[in-house]
Amino acid sequence: MRFRSFLPVLAVGLILALVPLVTTSKQVLGTFIFAGIYAIAVIGLALFSGYAGQPSMGQAGFCAIGAYASAIVATKFSLSPWLGMLAAGATSGLVGWLIGSLILRLSGHYLAIGTLGFGIIVAALLKQWEWTGLSSGMRNVPRYEFVGDVLKTEAGYYYLVLVVLLVVIVLSLNLVRSRPGRALRALHESEIGAEMLGVDTATAKLRVFVLSAVLGGVAGSLYAHYVGSITPDTFEFTISVEMLVMAVIGGVSSVWGAAFGTAFIWGLSQAIKALPDLLPSAVKIPSITQFELMIFGAILILVMIFMPDGLVPTMTKRQRR
Amino acid sequence: MDIFLATLPQLIVLGISLGAIYALIALGFVVIYSVSNVINLAQGEFLMIGALVFVAVVDAATKTTGAGLAVLVGLLVAIIVTGGVGALSYALAFRPAIERRASVQTLIIISMGVSIVLRAFGNLVWGVDPTSTPAFLPGRTLREAGMTNVIGDSLRLGGVALQTQSIWIIFALIVTVTGLFVFFNRTMTGRALRACAMNPDSARLMGVPLSKMSLIAFALSAAIAALAGAIIAPMQPVLYTMGLGLGLRGFVSAIMGGIANPVGAIWGGLLLGIIEAVVGGLPQMDLPGLGKVNPASLREAIAFVILLAVLIIRRLRGANGLGGKRFGL
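Residues numbered from 1 in each chain as written. Chains lettered and ligands numbered in written order. Predicted model: local features only at pLDDT ≥ 70, side-chain atom pairs only at ≥ 80, totals over all residues. Heavy atoms only, no water.

Caption draft 1: Looking closely at the packing of aromatic side chains. Residues and elements named next belong to chain A. This model, assessed by the stated rule, comprises 19 aromatic pairs over all chains. Geometrically, the ring pair formed by Tyr38 and Trp266 is edge-to-face, given 5.6 Å between the ring centres and 65 degrees between the ring planes. Separated by 228 residues along the polypeptide, Tyr38 in helix 2 (residues 26-52) and Trp266 in helix 11 (residues 255-278) bring together distant segments of the chain. No difference in accessibility class separates Tyr38 from Trp266, as the two residues are buried. (Phe/Tyr/Trp six-rings, centres within 6.5 Å; stacked < 30°, edge-to-face > 60°. Helix = DSSP H or I, 4+ residues; strand = E, 2+ residues; numbered from the N terminus. Buried < 20%, exposed > 50% of the residue type's maximum accessible area, 1.4 Å probe, protein only.)

So, in structure tokens, the structure goes:
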């Protein structure tokens, strides 16, 4: 990777690294930690959706597989949670490969529908499996160990998520600019065209699908060990939709777009949650979560109508003009 | 297993009434997809709005008009209001995107946006408490009329219990299908809609306003969904979350039948309903690796396992899901 393209990552990393120095509030850091975990999964989703040209509506399914694999390794086998993270990536990747080999045969919107089905099947199966604790899920998932209890503090975990996120961003940017990345971009423009130029489109698609599954799995592992308990409902269909919203609003075919979209939606979500305190007490919002969803839905529709490429690519295109 | 076999006829009856609902929702998918090429994932939310409006109107009207008329008024209001919601969603969310030549994927995502907004709307207006209405034809009325084989709201016909509401559901499906048949074959608007489905470019050249036809298709689909929502209001909790699961099942049914094929959608719906009911009635099983599994709770996954299987088999046969004949009842 050229140094110039590395600069923004460095800058963003440095700014974000300052956050725990400014505040030690568990709530604030927690918000950032969740946003970071989401961003990892959303970047995975964007890599696949941006290149295969199809929205994936099952990313939460891979997060679920990763989270459960990690939790099982750490609790049932009492092994190191780090091995759990490894198992999370490996299991999600393997499942991604199996599922991908099947559903990537589909094209057009049938592929999107296939991913949707996958996410729902995962959530439904987790509820049925005694080993994964049925509907009540898994509890007492320990934190990762690193130099004693560093990662048991909020700030410590914050830095862990930040490092993983930055590594994911650098690797993804590298991939986008590499030869396989160019092949994938060609795939997005025209599958037949790419094939004519000698790109093995089936293999290229499968690889990026597996990669997106692995990232989803890692995000799931980070989530499980942070929160300490997971249930099948943690990863239900609406979470997949939420992730898709984040990816699509930022710009689905851009790594920065995915990161930006996640930050945007998370920021907005926090702002809306703070809204009732700002409004005069006469104005009452019955359910803040639903109100929030309504605004997300409206933003999603507007962005899709006016900037179908997402915010980040549209902005950069305007700048270049 | 013997108990299961003994209940099989009952399960199939249950499955048919469940499947008729799926078929109604699936018809909505087919109408919209055929005319405007949009896969409208908000179809289930149209059903939810229809059901909630229906319950509200019936509750309000029962005191003044009596139960029978209240159901009629409720149906009418629910269908008109939801039809309006459908037309409005097209005009506000889909038409601007289609005019900007949005891709099929963008339109799917927009339909997800519409369903998020409608679900939130349902919650903000009607709250989180489930409601319902009494059966259209309460068992009490039948007993007073001298029928002896009525238990609760169900008829007993040779060992099989048939909810009176199920009869209404089948009736609604038959009426809807007949109505659509007449509409698409005998009216000018219906023929214009079919023309758009067959070949949008030629239709436009012949002077058919495509955008207006899409608007009608959305209103029509939403109206059908509202009918489905109203008619199951007595059978399951009516709540802002009810649209998601039902919508997805209707969608699976539509895909099973080939998404542009209305007759296929009806068969798809009935088949899915029967499979779900039968699987739900299977005894508890001890599966290797999975432990004890209660099939009733696997129903949710079943629909999608079938969906994936159908899609992949079709694809392997080279049809890419668009099997069967094109639009036209």
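Caption draft 2: Region of interest: the confidence of the model for chain B. Residues and elements named next belong to chain B. Mean pLDDT for chain B: 85, with 93% of residues reaching 70 or above. Across chain B, the secondary-structure element scoring lowest on mean pLDDT is strand 5 (residues 291-293), at 67, and the one scoring highest is helix 9 (residues 210-232), at 94. Reported for the predicted complex are a pTM of 0.86 and an ipTM of 0.84. (pLDDT = per-residue confidence, 0-100.)

Caption draft 3: Highlighting the pairing of strand 2 (residues 154-157) of chain B. Residue and element names in this part refer to chain B. The pairing of strand 1 (residues 150-151) with strand 2 spans two bridges and is classified as antiparallel. Each residue of the ladder has a partner; that of Val150, found in strand 2, is Leu155. In this sheet, strand 3 (residues 160-163) lies alongside strand 2 in antiparallel orientation, the contact comprising four bridges. Bridging from a neighbouring strand, Leu155 pairs with Leu162 of strand 3. Adjacent in sequence and paired antiparallel, strand 2 and strand 3 are bridged by two residues, among which Gly158 carries a positive phi angle near 50 degrees. (Pairing = 2+ DSSP bridges.)

Caption draft 4: Seen up close, the sheet that holds strand 1 of chain B. The three strands are arranged 1-2-3 (chain B) in an open sheet whose pairing can be described as antiparallel. At either margin of the open sheet sits one strand with a lone partner, and together these are strand 1 and strand 3 of chain B.

Caption draft 5: A look at a positive patch on the surface. All names here are of chain A. On the surface, Arg177, Arg179, Arg182 and Arg185 cluster together to form a positively charged patch. By residue number, the principal contributor to the positive patch is helix 7 (residues 179-189), which donates three residues. Relative to the helices and strands, Arg179 resides in helix 7. You can call Arg179 exposed: its relative accessible area is 67%. (Patch = residues over 30% accessible without salt bridge, like charges linked within 9 Å, V, L, I, M, F, W, Y side chains within 5 Å. Areas by Shrake-Rupley, 256 points an atom, 1.4 Å probe, with all protein chains shown as cover. Salt bridge = Lys/Arg side-chain N within 4 Å of Asp/Glu carboxyl O. Lys, Arg positive; Asp, Glu negative; His and termini not counted. Charge placed at Lys NZ, Arg CZ, Asp CG, Glu CD.)

Caption draft 6: A look at unusual backbone geometry. All names here are of chain B. Phi at Asn37 is positive, roughly 65 degrees, even though this residue is not glycine. Structurally, Asn37 is set in the loop between helix 1 (2-36) and helix 2 (43-65). Residue classification places Asn37 among the partly exposed positions, given a relative accessible area of 42%. For Arg101, which is not glycine, the phi dihedral falls at a positive 60 degrees. With respect to the helices, strands and loops of the structure, Arg101 is situated in the loop between helix 3 (67-99) and helix 4 (104-126). For Arg101, a relative accessible area of 75% puts it in the exposed group.

Caption draft 7: Structural context of the environment of Arg119 of chain B. The topology assignment puts Arg119 of chain B in helix 4. Exposure remark for Arg119 of chain B: the relative accessible area of 14% places this residue in the buried category. As for Arg119 of chain B and Ala42 of chain B, which are separated by 77 residues in sequence, their C-alpha atoms are 9.2 Å apart. Aside from chain neighbours lying at most four places away, what touches Arg119 of chain B is Thr238 and Gln290 of chain A together with Glu45, Met48, Tyr240 and Leu244 of chain B. (Contact = heavy atoms within 4.5 Å.)

Caption draft 8: Expanded view of the packing of helix 2 of chain B against helix 9 of chain B. Residues and elements named next belong to chain B. Two elements in contact, helix 2 and helix 9, have axes whose closest approach is 7 Å; the angle formed by their N-to-C orientations is 55 degrees. Of the possible angle classes, the one that applies to helix 2 and helix 9 is oblique. Here helix 2 runs over helix 9; the crossing is right-handed. Facing Gln43, Phe46, Leu47, Gly50, Ala51 and Phe54 of helix 2, the residues of helix 9 in contact are Ser221, Ala222, Ala225, Ala226, Ala228, Gly229, Ala230 and Ile232. For the contact of helix 2 with helix 9, the per-class residue count stands at 10 nonpolar, four polar and no charged. (Axes fitted to C-alpha atoms, helices over the stretch in contact; angles between N-to-C directions. Parallel < 35°, antiparallel > 145°, perpendicular 65-115°, else oblique. Left-handed = near helix turned anticlockwise from the far one by under 90°. Nonpolar A, V, L, I, M, F, W, Y, C, P; charged D, E, K, R; others polar.)

Caption draft 9: Main features of a nonpolar patch on the surface. Where nonpolar side chains cluster on the molecular surface, the patch consists of Leu69, Leu72, Val73, Leu76, Val77, Ile80 and Val81 of chain B and spans about 600 Å² of accessible area. Inspection of the secondary structure puts Leu69 of chain B in helix 3.

Caption draft 10: Structural detail: the side chain of Ser221 of chain A. Here Ser221 of chain A is to be found in helix 9 (residues 201-227). Apart from the residues lying within four places of it in its own chain, the contact partners of Ser221 of chain A are Gly66, Ala67, Ser70, Gly84, Met85, Ala88 and Tyr144 of chain A.

Caption draft 11: Quick peek at the interface of chain A and chain B. On the side of chain B, 51 residues touch chain A, which itself brings 43 residues to the contact. Buried surface at the junction of chain A and chain B, summed over both partners, amounts to about 4000 Å²; 78% is from carbon and sulfur atoms. The three residues of chain A that bury the most area against chain B are Tyr110, Gln128 and Ile305 of chain A, which together make up 17% of that side's buried surface. Put simply, chain A and chain B have zero residue pairs in polar contact (both at pLDDT 80 or more) between them. Of all the secondary structure elements, the ones that give two or more residues to the side of chain A that touches chain B are helix 4 (81-103), helix 5 (109-126), helix 10 (237-250) and helix 12 (288-306) of chain A. Of the residues in the side of chain A that touches chain B, the class split is 30 nonpolar, 11 polar and two charged. (Buried area = accessible area lost by both parts, 1.4 Å probe. Polar contact = N/O pair within 3.5 Å; in protein donor to acceptor, adjacent residues only side chain to side chain.)

Caption draft 12: Region of the structure containing the pattern of salt bridges. Residues and elements named next belong to chain B. Tallied over the entire structure, the rule returns three salt bridges over all chains. Residue Arg119 is joined to Glu45 by a salt bridge in which the shortest nitrogen-to-oxygen separation is 3.5 Å. On the criterion of sequence distance, the pair formed by Arg119 in helix 4 and Glu45 in helix 2 is long-range, its members being 74 residues apart. The buried category is assigned to Glu45, whose relative accessible area is 1%. A salt bridge links Arg204 to Asp201, with the shortest nitrogen-to-oxygen separation between them at 3.3 Å. One end of the pair, Arg204, and the other, Asp201, are both in helix 8 (residues 200-205), three residues apart, so they sit about a helical turn from each other.

Caption draft 13: Broad picture of the side chain of Thr82 of chain B. By the element assignment, Thr82 of chain B lies in helix 3. When sequence neighbours within four positions are dropped, the list of residues in contact with Thr82 of chain B reads Phe46, Ile49, Gly50, Ala222 and Ala226 of chain B.

Caption draft 14: Spotlight on the nonpolar core. Counting 192 residues, the largest nonpolar core has Leu222 of chain A together with Ile21, Phe54, Phe94, Ile110 and Phe304 of chain B as its most contacted members. In terms of residue count, the dominant contributor to this core is helix 2 of chain A (15 residues). Those residues within four positions of Phe54 of chain B in sequence are excluded, and the remaining contacts are Val71, Gly74, Leu75, Ala78, Thr133, Phe136, Ala230 and Ala233 of chain B. (Core = buried A, V, L, I, M, F, W, Y, C linked by side-chain atoms within 4.5 Å.)

Caption draft 15: Structural view of the environment of Leu155 of chain B. Tracing the sequence through the fold places Leu155 of chain B in strand 2. We classify Leu155 of chain B as buried; its relative accessible area is 12%.

Caption draft 16: Expanded view of helix 10 of chain A. All names here are of chain A. Over its 14 residues, helix 10 extends 20 Å from the first C-alpha to the last, a length consistent with the 20 Å expected when each residue adds 1.5 Å. Burial analysis of helix 10 places 12 of its 14 residues in the buried class, the great majority of the element. Taken together, the buried positions of helix 10 are occupied by Phe237, Ile239, Ser240, Val241, Met243, Leu244, Val245, Met246, Ala247, Val248, Ile249 and Gly250. One or two residues past the end of helix 10 sits Gly251, with phi positive at roughly 130 degrees. (Expected span 1.5 Å × (residues − 1).)

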